[in-house]
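Remarks on the overall topology
One letter stands for each residue in the lines below.
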Amino acid sequence: MKKKKYVTSVLVAIMCSMGQFTFGQNHTIWQIGQHDGSPDGMALAPGEYTQFVRHDFGYEDRFFLVGYSSPETDWPYVLPGPANGWGGTGRTAGIRSHVLNAYFIVKDIPRQADCKLVVGILDTEKEAPPLLKVTVNNRSSTHQLTGGSGSDEPIGPFTPAHRQQVTIDLPAGSIKPGYNEITLATLMGGWLVFDNVQLVGPLEASITVPADVLVKQVAAAEYEVMQNGERYQPLLIDVAHLENSPMLTVELDGQAAFSQRIERGEYGFEVPMPRVSDRTTSLYTILRDGEIIDQGEVERSPQPVITPADYVNTMMGTGHSRWMIAPGPWMPFGMVKISPDNQNSGWQSGYDPTFESIGTFSHIHEWTMAGLGTFPVTGVLTTQIGDQSDPDSGYRSRIDKDSEQAPLGYYKVYLTDYNITAELTATTRASLQRYTYHDADTGRIMVDFTIPAEYRYGVEELDVRQVSPYRIEGYSKQLSSGVWSKDADQEYTVHFVMEFDRPMLRAGNWLDGNVESGADMHAAAVDKAGLYVEFDTRQSSSVQVRTGISYVSTENAATNLETEISKPFG
């Protein structure tokens, strides 16, 4: 069943004291801002918030390096949310969520030491309270802030009555010796104004400030590549260059392996290491202009060979994008473009990584065309997809972002509300999905004919029938009016054949608010419609569904399914 999960509340809602927040014998390892009830000393303060985008704040590749960067120029006093037009959100620009990255290097931190991250907030937008996401070394939590003073602009005056504080306990190991990173992001809602951001930890811990090169991560790749007929295992080195133009050199087991002069920016280098046949350890040394800045060892073992196609991540470009751009396992010029959808209907709807829930996996992502959503669920029947801003609404589910994979030809994600793993792939005219119900006796698949899309459509005629315990087929005649101008309509019919790898336990349908048993349905002028099928998952937890579509006929949809999936793959 769907598990109700609520975002972490603000641990200390109101701060009435102006004194320093302390934690026993711990001390402040670093701090941005002064915890003085004022945003003074941070960039854009006290009131130049409209210059946020102009100064390139909020982008994923910008960072604040503790001990090196200056709060007066590099950390904005305000963080806008997707609801704020001055933060980049617009009718044609789509939503814009912003992130602030803080990088830091810690030394002398005891292995068993706990830490705390404190985010002091002076005020928030009242009508659209922000949902704040905090990520510490890839471990995330979300925090729904309360509405603030009611001011339309984040310019104060800031009074103690509207202060909030988010405190995050970081157990031993969360902050590690060496490089660490923290990211703050607004997933929903409007602006927030910072008082300070503070990392509190043991007295022994301190910050190290690098020179002009920051080494973020060094690791042996879990793959090998072919170069000039030879196999190599790359040594992956992530660095951020801060200033000047130094020569970066890498030595492997005492031998020079790589050298390049770098300019300001972030880099991900692949340093070729000869492949190994057994598990072994290699020593690396990284030098800047001949001076050692990092050294250590990496564990190595034989790895599979990849091709350039394996570097592709179809998630790239999906933020602030269009309906036709999504992380789906699509074939070039494919008719089936199955992909996760997580937004409401409207301009630029479809998939945006800002939202950490999914409403459906729909088959069509063409300009002005959409339709045929499928989604695995359990528990009480709900026939609405729900709202992008409310993961508890409808049958949508939160996802584990760390589980999301989107290489070429494959998409995978874990649906946390239902404890289900969903996997998708597609051919040119058909899709294949596998849903694994990890702890349910009965698995349900929702088939939705009226999904949210960039161009809203109506269903003029719908005909669906169950032709066997394993198969459902039919068509949905759809119309999007005025898609480009008042007289430009898009009319098309989606014919489909859907087969399951096990017999259906039961089926039902919904039509404009009425739920009935059985998969067969025929209707005209449909507002909301879909069907659901259920399976016994006690003996085998996975259910596979394959679907062929056609814009010509149901017979052609059946032929497409048979030709592209059934015959080649059984």
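Residues numbered from 1 in each chain as written. Predicted model: local features only at pLDDT ≥ 70, side-chain atom pairs only at ≥ 80, totals over all residues. Heavy atoms only, no water.

Once that is clear, we can look at the sheet that holds strand E35 (residues 521–526). As summarised here, the arrangement of the ten strands in space is E22-E25-E26-E27-E28-E37-E32-E31-E30-E35, forming an open sheet in which the pairing is antiparallel. The sheet terminates laterally at strand E22 (357–358) and E35, the two strands that pair on one side only. Pairing between strand E25 (residues 397–405) and strand E26 (residues 411–415): three bridges, direction antiparallel. Bridging across to E26, Asp 400 finds its partner in Tyr 414. Each of strand E28 (430–437), strand E30 (458–468), strand E31 (471–480), strand E32 (490–500) and strand E37 (542–550) is contacted by helix H2 (residues 554–569), which is oriented at about 130 degrees to E37, the strand it contacts most. (Pairing = 2+ DSSP bridges. Helix = DSSP H or I, 4+ residues; strand = E, 2+ residues; numbered from the N terminus. Contact = heavy atoms within 4.5 Å. Axes fitted to C-alpha atoms, helices over the stretch in contact; angles between N-to-C directions.)

In this section: the environment of Pro 327. The residue Pro 327 is located in the loop between strand E20 (291–300) and strand E21 (339–341) in this model. Residue class for Pro 327 comes out buried when judged on its relative accessible area of 0%. Discounting chain neighbours no more than four positions away, the residues touching Pro 327 are Thr 314, Met 315, Thr 318, Ser 339, Pro 340, Tyr 351, Ala 406 and Tyr 411. (Buried < 20%, exposed > 50% of the residue type's maximum accessible area, 1.4 Å probe, protein only.)

Let us now look at the layout of surface pockets. Its boundaries defined by the atoms lining it, the second largest pocket holds a volume of some 610 Å³. Along its surface, the second largest pocket is lined by 24 residues, and Gly 178, Tyr 179, Val 215, Lys 216 and Gln 217 are the ones closest to its centre. Listing elements by their share of the lining of the second largest pocket, those giving two or more residues are strand E10 (178–188), strand E13 (213–220), strand E19 (280–288) and E20. Of the residues in the lining of the second largest pocket, the class split is twelve nonpolar, five polar and seven charged. (1 Å grid on protein atoms, 1.4 Å probe; cavity = no way out; pocket = protein on both sides within 12 Å on 5 of 7 lines; lining within 4 Å. Points joined across faces, edges and corners; volume = space filled by probe spheres on them. Nonpolar A, V, L, I, M, F, W, Y, C, P; charged D, E, K, R; others polar.)

With 95% of its residues at a pLDDT of 70 or more, the protein chain has an overall mean of 91. Low pLDDT, under 50, characterises residues 5–24; the predicted model gives this stretch 50 contacts beyond four residues in sequence or across chains. (pLDDT = per-residue confidence, 0-100.)

Another aspect to go through is empty space enclosed by the protein. Think of a ball as big as a water molecule: rolled over the atoms, this probe shows where empty space is left. Overall, the coordinates contain two cavities of 30 Å³ or more when judged by the stated rule. Put simply, the largest cavity is a space of about 60 Å³. Along the walls of the largest cavity sit Phe 57, Gly 58, Arg 62, Phe 63, Phe 64, Asp 74, Trp 75, Val 99, Leu 100 and Asn 101, which together make up its complete lining. With three residues, strand E5 (residues 99–107) is the single largest residue contributor to the lining of the largest cavity. Of the residues contributing to the lining of the largest cavity, the split by class is six nonpolar, two polar and two charged. Size it by volume and the second largest cavity reaches roughly 40 Å³. Surrounding the second largest cavity, Trp 323, Asp 341, Asn 342, Gln 343, Gly 359, Thr 360, Ile 385, Arg 396 and Pro 452 form its lining. When its residues are assigned to classes, the lining of the second largest cavity shows three nonpolar, four polar and two charged.

Glancing now at the pairing of E26. The alternating pattern of E26 places Tyr 411, Val 413 and Leu 415 on a buried face, while none of Lys 412 and Tyr 414, on the opposite face, is buried. In sequence, E25 turns back onto E26 through a hairpin of five residues, with Gly 409 there showing a positive phi of about 80 degrees. Summarising the sheet, E26 and strand E27 (residues 420–426) pair through five bridges and their orientation is antiparallel. For Leu 415, the partnering residue across the bridge sits in E27 and is Ile 420. In sequence, E26 turns back onto E27 through a hairpin of four residues, with Asn 419 there showing a positive phi of about 60 degrees.

Let's shift gears to the packing of aromatic side chains. Summed over the entire model, instances satisfying the criterion amount to 19 aromatic pairs. Summarising the aromatic geometry, the rings of Phe 258 and Phe 269 are spaced 5.0 Å apart at their centres and angled 50 degrees between planes, so their arrangement reads as tilted. Highlighted residues: Phe 258 in strand E17 (residues 255–261) and Phe 269 in strand E18 (residues 265–274), separated in sequence by eleven residues. Accessibility assignment for this pair places Phe 258 and Phe 269 in one class, buried. Consider the rings of Phe 449 and Phe 496, whose centres lie 5.7 Å apart with planes at 40 degrees: the pair is tilted. Note that Phe 449 is positioned in the loop between strand E29 (442–448) and E30 and Phe 496 in strand E32, a separation of 47 residues in sequence. In this structure, Lys 337 packs its charged tip against the face of Trp 330, placed 5.9 Å from the ring centre. (Phe/Tyr/Trp six-rings, centres within 6.5 Å; stacked < 30°, edge-to-face > 60°. Lys NZ or Arg CZ within 6 Å of the ring centre and 35° of its normal.)

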